[in-house]
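Coordinates in review
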Amino acid sequence: MSDIRHEESGEAVSLAPRAPVAVPRVLALANQKGGVGKTTTAINLGTALAAIGETVLIIDLDPQGNASTGLGIERRDRRISTYDVMCGEASLRQAALPTAVPRLHIAPSTMDLSGLELELATARDRAYRLRDAVRRLNMDSSHYRNESFDFTYVLIDCPPSLNLITVNAMAAANAILVPLQCEFFALEGLSQLLKTVEQVRQTLNPGLSIHGVVLTMFDARNNLSNQVVEDVRQFMGEKVYETIIPRNVRVSEAPSYGKPVLLYDLKCVGSQAYLRLASEIIQRERNLRAAATV
């Protein structure tokens, strides 16, 4: 394809068509309840995906910033955060920081996010800020820290509430991954979340689906945990992953060292469970891609 000259600069401008921009697969980890394992699952699923060759970005949308801390990002290093991205003052590429895990990056959060809903209250595109940022994610890949690469997966760690930030995550996502603690009110909270997902599907994101439900903090010695597993499987059927994440001290310790549990103690039962979960999610992804091409 020949070039033409720019009228003002005289520089050659190629007329060759641009290669299509790669679109990452976007999974939002959501549950309006706190302490159910959203952040731990995001960190360790991201680590497992990176370990098999995917290039992963975790978007920390929780003002508490636990995913950022859990991946060793100091607060003083969060100069550009997801707050800046949501306000339109920075791109996700600018916010993304490398972690100790090769091919795993994180867009960190700060407490500024807690006031975002009020700031965007009158903005017409307030529900689509994150979607638009994700769509631009791979467009400037050649200008990121002198490296050129495309992200293949984006994992969104949502806050423990069903607010505008979570709605942004759902509007940007291909699918929702629901961590669910094995506790008495698990199904009640799940029903509320499913209603919100359906509302977002009808009004903002018709392609949104439930990727799966992962049961966390399972204690085999507790009859209640076993009953919750049975009830959730009966309610959600095949949407519930076979892998169950057990209660494990090493999983709880790892964030204080700024590491995924897969790096902190690969052989512990928690790490092994997250590896099985990652394998199961990856297999579902393959099945979904295969079904889409039929």
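Here the structure is shown first, and the text comes after it.
What comes next is a walk through the structure. (Residues numbered from 1 in each chain as written. Predicted model: local features only at pLDDT ≥ 70, side-chain atom pairs only at ≥ 80, totals over all residues. Heavy atoms only, no water.)

1. Considering the overall build of the protein chain
Within the protein chain one finds 12 helices and 10 strands. When the 294 residues of the protein chain are sorted by exposure, 50% land in the buried category. (Helix = DSSP H or I, 4+ residues; strand = E, 2+ residues; numbered from the N terminus. Buried < 20%, exposed > 50% of the residue type's maximum accessible area, 1.4 Å probe, protein only.)

2. Digging into unusual backbone geometry
Notably, Arg103 is not glycine yet its phi reads approximately 70°, a positive angle. Inspection of the secondary structure assignment puts Arg103 in the loop between strand 5 (97-98) and strand 6 (104-107). The backbone phi angle of Met217 is positive, close to 55°, even though this residue is not glycine. Secondary-structure assignment places Met217 in strand 9 (residues 209-218).

3. Things to note about a nonpolar patch on the surface
A contiguous nonpolar surface patch, about 320 Å² in accessible area, is contributed by Phe184, Phe185 and Leu224. Tracing the sequence through the fold places Leu224 in helix 9 (residues 223-236). You can call Leu224 partly exposed: its relative accessible area is 35%. (Patch = residues over 30% accessible without salt bridge, like charges linked within 9 Å, V, L, I, M, F, W, Y side chains within 5 Å. Areas by Shrake-Rupley, 256 points an atom, 1.4 Å probe, with all protein chains shown as cover. Salt bridge = Lys/Arg side-chain N within 4 Å of Asp/Glu carboxyl O.)

4. Description of the nonpolar core
One finds Leu57, Ile59, Leu92, Leu130, Ile156 and Ile176 to be the most contacted residues of the largest nonpolar core, which totals 50 residues. If sequence neighbours within four positions are ignored, Leu92 has contacts with Leu57, Ile59, Val85, Ala107, Ala133, Val134 and Leu137. Membership of the second largest hydrophobic core comes to 36 residues, among which are Leu27, Val56, Ala273 and Ile282. (Core = buried A, V, L, I, M, F, W, Y, C linked by side-chain atoms within 4.5 Å. Contact = heavy atoms within 4.5 Å.)

5. With respect to the packing of helix 1 (residues 38-51) against helix 12 (residues 269-293)
In the contact formed by helix 1 and helix 12, the axes pass within 9 Å of each other and the chain directions differ by 70°. Relative to helix 12, the element helix 1 is oriented roughly perpendicular. Both helix 1 and helix 12 take part in a crossing whose hand is right-handed. On helix 12, the residues touching Thr40, Thr41, Asn44, Leu45, Ala48 and Leu49 of helix 1 are Tyr274, Leu277, Ala278, Ile281 and Ile282. Taken together, the residues that form the contact of helix 1 with helix 12 break down as 8 nonpolar, 3 polar and no charged. (Axes fitted to C-alpha atoms, helices over the stretch in contact; angles between N-to-C directions. Parallel < 35°, antiparallel > 145°, perpendicular 65-115°, else oblique. Left-handed = near helix turned anticlockwise from the far one by under 90°. Nonpolar A, V, L, I, M, F, W, Y, C, P; charged D, E, K, R; others polar.)

6. Topic: the sheet that holds strand 10 (residues 240-246)
Spatial ordering of the open sheet is given by 5-6-4-7-3-8-9-10, a layout of 8 strands whose pairing is mixed. Strands with a single pairing partner mark the edges of an open sheet, and in this sheet they are strand 5 and strand 10. Looking at chain direction, strand 5 and strand 6 are connected through 2 bridges and run antiparallel. Opposite Pro98, over in strand 6, you have His105 as the bridge partner. On the sheet, helix 9 packs against strand 8 (175-181), strand 9 and strand 10 and is oriented at approximately 170° with respect to strand 9. Relative to the sheet, helix 12 contacts strand 3 (25-29), strand 7 (153-157), strand 8, strand 9 and strand 10, its axis offset from that of strand 10 by approximately 165°. (Pairing = 2+ DSSP bridges.)

7. As for the packing of aromatic side chains
Under the counting rule described, the total for this entry stands at 3 aromatic pairs. Seen in terms of ring centroids, Phe184 and Phe185 are 4.9 Å apart; in terms of plane orientation they differ by 75°. Their pairing is edge-to-face. Judged by relative accessible area, Phe184 falls into the exposed class, the value being 61%. Residue Phe185 is classed as partly exposed on the basis of its relative accessible area of 43%. Their ring planes at 25° and their centres at 5.0 Å tell us that Tyr257 and Tyr264 sit as a pair that is stacked. Looking at Tyr257, the relative accessible area reads 53%, which means it is exposed. (Phe/Tyr/Trp six-rings, centres within 6.5 Å; stacked < 30°, edge-to-face > 60°.)

8. Re the side chain of Glu285
Of note, Glu285 is situated in helix 12. When near neighbours in sequence (up to four residues on either side) are disregarded, Glu285 contacts Arg25, Leu27, Tyr153 and His211.

9. Quick word on the pairing of strand 10
Of the pairings in the sheet, the one linking strand 9 to strand 10 comprises 3 bridges and is parallel in character. Among the inter-strand pairings, Val213 is bridged to a residue of strand 10, identified as Val240. What joins strand 9 to strand 10 is helix 9, and the crossover it makes is right-handed. (Right-handed = clockwise from strand over helix to strand, strands pointing away.)

10. Section: helix 9
In this model, helix 9 (14 residues) spans 20 Å end to end at C-alpha, consistent with the 20 Å of a helix rising 1.5 Å per residue. In this structure, the buried residues of helix 9 make contact with strand 8, helix 8 (186-203), strand 9 and strand 10. Where helix 9 begins, the side chain of Asn222 points an oxygen toward the backbone nitrogen of Leu224, at a separation of 2.8 Å. Remark: Gly237 follows helix 9 within two positions and exhibits a positive phi of approximately 60°. (Expected span 1.5 Å × (residues − 1). Polar contact = N/O pair within 3.5 Å; in protein donor to acceptor, adjacent residues only side chain to side chain.)

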